Amino acid sequence: MKEKIKRLVIEALDETKEATGKDFALTEETVLLGEGAVLDSFDFVSFVSALEEKVSDAFGKDITIVSEKAFSKKYSPFKTVDRIADFVAELLGEAE
């Protein structure tokens, strides 16, 4: 499941790149938010919206990625592609 989620994360980032005209490399360790991030806050909102839609289409479950739960974690689930994929997997597990 995590590999499928990572693909969705990459697809949503690709859409964001295309919409913003920004060009950056995508790996599991690409920094999405915070110091050295490839996205600014507006881009991040677009990315999260696209990702939530892709997750809903792929898994038939609606999740909210930006939430109090996300901000209460010790380490930001938004930092990298890998971390956000883990967090989405966690949310999907709770949505069952």
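All values derive from a computational prediction rather than experimental measurement.

All chains considered together, the criterion is met by 3 aromatic pairs. Centroid distance Phe 44 to Phe 47: 6.0 Å. Interplanar angle 50°. Geometry classified as tilted. Of this pair, Phe 44 and Phe 47 both sit in helix H2 (residues 41-59), 3 residues apart, roughly one helical turn. Taking the relative accessible area as the measure of exposure, Phe 44 reaches 7% and is therefore buried. The class for Phe 47 is buried, based on a relative accessible area of 0%. For the pair Phe 44 and Phe 78, a centre-to-centre distance of 5.3 Å together with 70° between the ring planes defines the contact as edge-to-face. On the criterion of sequence distance, the pair formed by Phe 44 in helix H2 and Phe 78 in the loop between helix H3 (68-72) and helix H4 (81-94) is long-range, its members being 34 residues apart. The same class applies to Phe 44 as to Phe 78, namely buried. By the ring-pair criterion, three or more aromatic residues cluster together here, those being Phe 44, Phe 47, Phe 78 and Phe 87. The ring of Phe 59 carries the charged tip of Lys 4 above its face, separated from the ring centre by 4.8 Å.

A few words on the pattern of salt bridges. Evaluation of the coordinates by the stated rule reveals 11 salt bridges. Of the charged contacts, one joins Lys 17 and Asp 23 as a salt bridge, the two residues approaching to 4.0 Å between their closest N and O atoms. For Lys 17, a relative accessible area of 16% corresponds to the buried category. Judged by its relative accessible area of 72%, Asp 23 falls in the exposed class. Bridged by salt links that share partners, the residues Lys 2, Glu 3, Lys 6, Glu 28, Asp 82 and Asp 86 form one connected network.

This next bit is on the confidence of the model for the protein chain. Across the protein chain, pLDDT averages 90, with 98% of residues at or above 70. Confidence, read as mean pLDDT per element, is least for H3 in the protein chain (79) and greatest for H2 (95).

Within the largest apolar cluster, 26 residues are counted, with the highest numbers of intra-cluster contacts made by Val 9, Phe 47, Leu 51, Ile 65, Ile 84 and Val 88. No other element matches H4, which puts 8 residues into this core. Beyond its immediate chain neighbours, meaning those up to four positions away, Ile 65 contacts Val 48, Leu 51, Glu 52, Ala 70, Phe 78, Ile 84, Phe 87, Val 88 and Leu 91.

How each quantity is defined
- Residues numbered from 1 in each chain as written.
- Predicted model: local features only at pLDDT ≥ 70, side-chain atom pairs only at ≥ 80, totals over all residues.
- Heavy atoms only, no water.
- Phe/Tyr/Trp six-rings, centres within 6.5 Å; stacked < 30°, edge-to-face > 60°.
- Helix = DSSP H or I, 4+ residues; strand = E, 2+ residues; numbered from the N terminus.
- Buried < 20%, exposed > 50% of the residue type's maximum accessible area, 1.4 Å probe, protein only.
- Lys NZ or Arg CZ within 6 Å of the ring centre and 35° of its normal.
- Salt bridge = Lys/Arg side-chain N within 4 Å of Asp/Glu carboxyl O.
- pLDDT = per-residue confidence, 0-100.
- Core = buried A, V, L, I, M, F, W, Y, C linked by side-chain atoms within 4.5 Å.
- Contact = heavy atoms within 4.5 Å.

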